[in-house]
Amino acid sequence: MADTSAVISFHRSLYLPEAVRGAADAYRDYTDGIEVEEGPEEVVVTLRGWDPGYGDAFVDHFANHALFQTIVTTRERLGGLA
Amino acid sequence: MSDANGGDELEVLTWGTDGRTVSFTLSEELYPRDAVYGAAYIFVGKCFVFLTRPGEGQIEVRLRPKEETDRAGLEGLAGEFANELLNQVVRQRVGESTAQIREYYMAKAFFADSSQTSIDALLAELDAEELQEDPLEISVPWEEPNG
């Protein structure tokens, strides 16, 4: 597919690993592959082969998705409305 | 808030921009993570938000508009985010400071004497009340004199 790739590091104190994995699942079909490596401090995501027509906004959308999911999940755990 | 290059002694947040994104670093002591989340939740619809940890107790917020914009637009976006952040901090502090009284009211509501709630008392008062005179005959059904 396309020769596009990016590596994003999500700090575990700011992004829930399951939220990052959820974003990876949601975006996987639009790429050649997404790898998620969970380290002690960061979750590192490697995105490969998305349509160049999306530009680098693809990566930004991915990060937004992970953040949104993190916030919603965190609020749900606190017992509040998402 | 002001540009990182042109300082002002009274500024609270200092932001920087590369022309496409605007970013600033927050002290978590002043702006708790939940307040940053609260502001980010509102902004993810109109811009890309990315959070990083540049140091212990610090959160860097990076904002990138979804539409192309100029420097003034980025500055405006940073200002809006800062305002919302402040709003979230105040909400959180008010929430914390009134938590005890909310808990008190909830406890009072749940554990009040159910045999005589305020509604029961009101109904009892209505039952005991003597019927007043009705010179306008409001209590008489319309059909009786007219139909």
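On a predicted model such as this, the values are computed, not experimentally measured, just so you know. Along each chain, residue indices are assigned from 1 in the same order as the chain's sequence is written. Labels are handed out in written order, letters beginning with A for the chains and numbers beginning with 1 for the ligands. The model is predicted, so local features are restricted to residues of pLDDT at least 70 and side-chain atom pairs to those at 80 or more, both for listing and for counting; the totals for chains, interfaces and linings are taken over all residues. Remark: hydrogens and water are excluded; side-chain values derive from all non-hydrogen atoms of the structure.

J.: Just give me the short version of the overall build of chain A, but keep the residues and values in it.
T.: A run of H or I in DSSP counts as a helix once it spans at least four residues, and a run of E counts as a strand once it spans at least two, with each numbered from the N terminus. Helix and strand content of chain A: 2 helices and 3 strands. Reading chain A from its N terminus to its C terminus gives the helix and strand order β-α-β-β-α. With the radius of gyration taken over C-alpha atoms, the globule rule is written as 2.2 Å times the number of residues to the power 0.38. Taking 2.2 N^0.38 as the reference for a compact globule, 82 residues should give roughly 12 Å; the C-alpha atoms of chain A span a radius of gyration of 13 Å, in line with that estimate. Each of the three principal axes of chain A carries a C-alpha extent, and together these read 45 × 25 × 15 Å. When a residue's accessible area, from a 1.4 Å probe over protein chains only, is under 20% of the maximum for its type it is buried; when over 50% it is exposed; and in between it is partly exposed. The buried share of chain A, reckoned over its 82 residues, is 45%. Summed over its atoms, the accessible surface of chain A is roughly 4300 Å², and 50% of this surface lies on carbon and sulfur atoms. Side-chain charges of chain A comprise 6 positive and 14 negative groups, with the mean position of each set lying 9 Å from the other. Throughout, the Shrake-Rupley method with a 1.4 Å probe supplies accessible areas, and for residues the shown protein chains are the sole cover considered. Positive residues here are Lys and Arg, negative ones are Asp and Glu, while His and the chain termini are left out of the count. Where a charge sits is defined by one atom per residue type, namely NZ (Lys), CZ (Arg), CG (Asp) or CD (Glu).

J.: Tell me about the interface of chain A and chain B, residues and numbers included.
T.: Note on definitions: a residue-residue contact is assigned when non-hydrogen atoms from the two residues lie within 4.5 Å. On the chain B side, the residues contacting the 22 residues of chain A number 18 residues. Once two parts are brought into contact, the accessible area they lose, counted with a 1.4 Å probe and summed over both, makes up the buried area. Both sides together, the interface formed by chain A and chain B hides about 1700 Å², and carbon and sulfur atoms give 61% of it. Salt-bridge detection follows one rule: a side-chain nitrogen of Lys or Arg within 4 Å of a carboxyl oxygen of Asp or Glu. Where chain A touches chain B, the interface holds 3 salt bridges. Those elements that provide at least two residues to the side of chain A that touches chain B are strand S1 (5–11) and helix H2 (57–77) of chain A.

J.: Please give an account of the environment of Val 44 of chain A that cites residues and values.
T.: Residues and elements named next belong to chain A. Its location among the elements puts Val 44 in strand S3 (residues 42–48). According to the relative accessible area criterion, Val 44 is partly exposed, its value standing at 25%. In sequence terms Val 44 and Pro 17 are 27 residues apart; their C-alpha atoms lie 9.8 Å from each other. Not counting the four nearest positions on each side in its chain, Val 44 is found in contact with Val 7, Ile 8, Ser 9, Glu 35, Val 36 and Glu 37.

J.: Account for the pairing of strand S2 (residues 14–17) of chain B, naming residues and giving values.
T.: Residues and elements named next belong to chain B. A pair of strands counts as paired when DSSP detects no fewer than two bridges linking them. Sheet analysis places S2 next to strand S3 (residues 22–27), joined by 3 bridges and oriented antiparallel. Residue pairing in the sheet places Thr 17 in a bridge with Val 22 of S3. Connecting S2 to the next strand, S3, in antiparallel fashion are 4 residues, including Gly 19 with a positive phi near 100 degrees.

J.: If you had to explain the packing of aromatic side chains to someone new, which residues and values would you point to?
T.: The aromatic pairing rule takes the rings of Phe, Tyr and Trp, using the six-membered ring of Trp, and pairs them if the centres are within 6.5 Å, calling planes under 30 degrees apart stacked, those over 60 edge-to-face and the rest tilted. Counted according to the given criterion, the structure contains 12 aromatic pairs over all chains. Taking the centre distance of 5.5 Å and the plane angle of 80 degrees together, the rings of Tyr 27 of chain A and Phe 58 of chain A count as edge-to-face. Residue Tyr 27 of chain A is found in helix H1 (residues 17–27), and its partner Phe 58 of chain A is found in helix H2; the two are separated by 31 residues along the sequence. A relative accessible area of 5% means that Phe 58 of chain A is categorised as buried. Through pairs of rings, three or more aromatic residues link up here, namely Phe 10, Tyr 15, Tyr 27, Trp 50, Tyr 54, Phe 58 and Phe 62 of chain A together with Phe 50 of chain B. Definition used: whenever NZ (Lys) or CZ (Arg) falls within 6 Å of the ring centre and also within 35 degrees of the ring normal, the charge is taken to sit over that ring. Note that Arg 75 of chain A overlies the ring of Tyr 41 of chain B, its terminal NZ or CZ placed 4.6 Å from the centroid. Lying over the aromatic face of Phe 43 of chain B, Lys 46 of chain B brings its terminal NZ or CZ to 4.5 Å of the ring centre.

J.: Outline H2 of chain A, listing residues and values.
T.: One less than the residue count of a helix, multiplied by 1.5 Å, gives the span that helix is expected to have. Taking 1.5 Å of rise per residue, the 21 residues of H2 of chain A would be expected to cover 30 Å, and the 30 Å separating its terminal C-alpha atoms lies within 8% of that figure. Remark: Gly 79 of chain A follows H2 of chain A within two positions and exhibits a positive phi of approximately 90 degrees.

J.: Provide a residue-level description of a nonpolar patch on the surface, including the pertinent values.
T.: Where nonpolar side chains cluster on the molecular surface, the patch consists of Ile 119, Leu 122, Leu 123 and Leu 126 of chain B and spans about 410 Å² of accessible area. Looking at the secondary structure, you find Leu 126 of chain B in helix H4 (residues 118–128). Here the term patch refers to residues with relative accessible area over 30% and no salt bridge, with like charges joined within 9 Å and nonpolar side chains (Val, Leu, Ile, Met, Phe, Trp, Tyr) within 5 Å.

J.: Got a sec to walk through the pairing of strand S2 (residues 33–38) of chain A? Specific residues and values, please.
T.: Note that S2 of chain A and S3 of chain A share 6 bridges and pair antiparallel. Each residue of the ladder has a partner; that of Glu 38 of chain A, found in S3 of chain A, is Val 43 of chain A.

J.: Would you mind going over the confidence of the model for chain B in detail, with residue names and values included?
T.: All names here are of chain B. A residue's pLDDT is simply how confident the predictor is in it, with values from 0 to 100. In this model, chain B carries a mean pLDDT of 82, and residues with pLDDT of at least 70 account for 82%. Looking at the elements of chain B, mean pLDDT is at its lowest for strand S1 (residues 2–3), recorded as 48, and at its highest for strand S4 (residues 47–52), recorded as 96. Per-residue pLDDT stays below 50 along residues 2–11; that stretch engages in 12 contacts with residues further than four places along the chain or on separate chains. Model confidence for the complex is summarised by a pTM of 0.75, with the ipTM given as 0.91.

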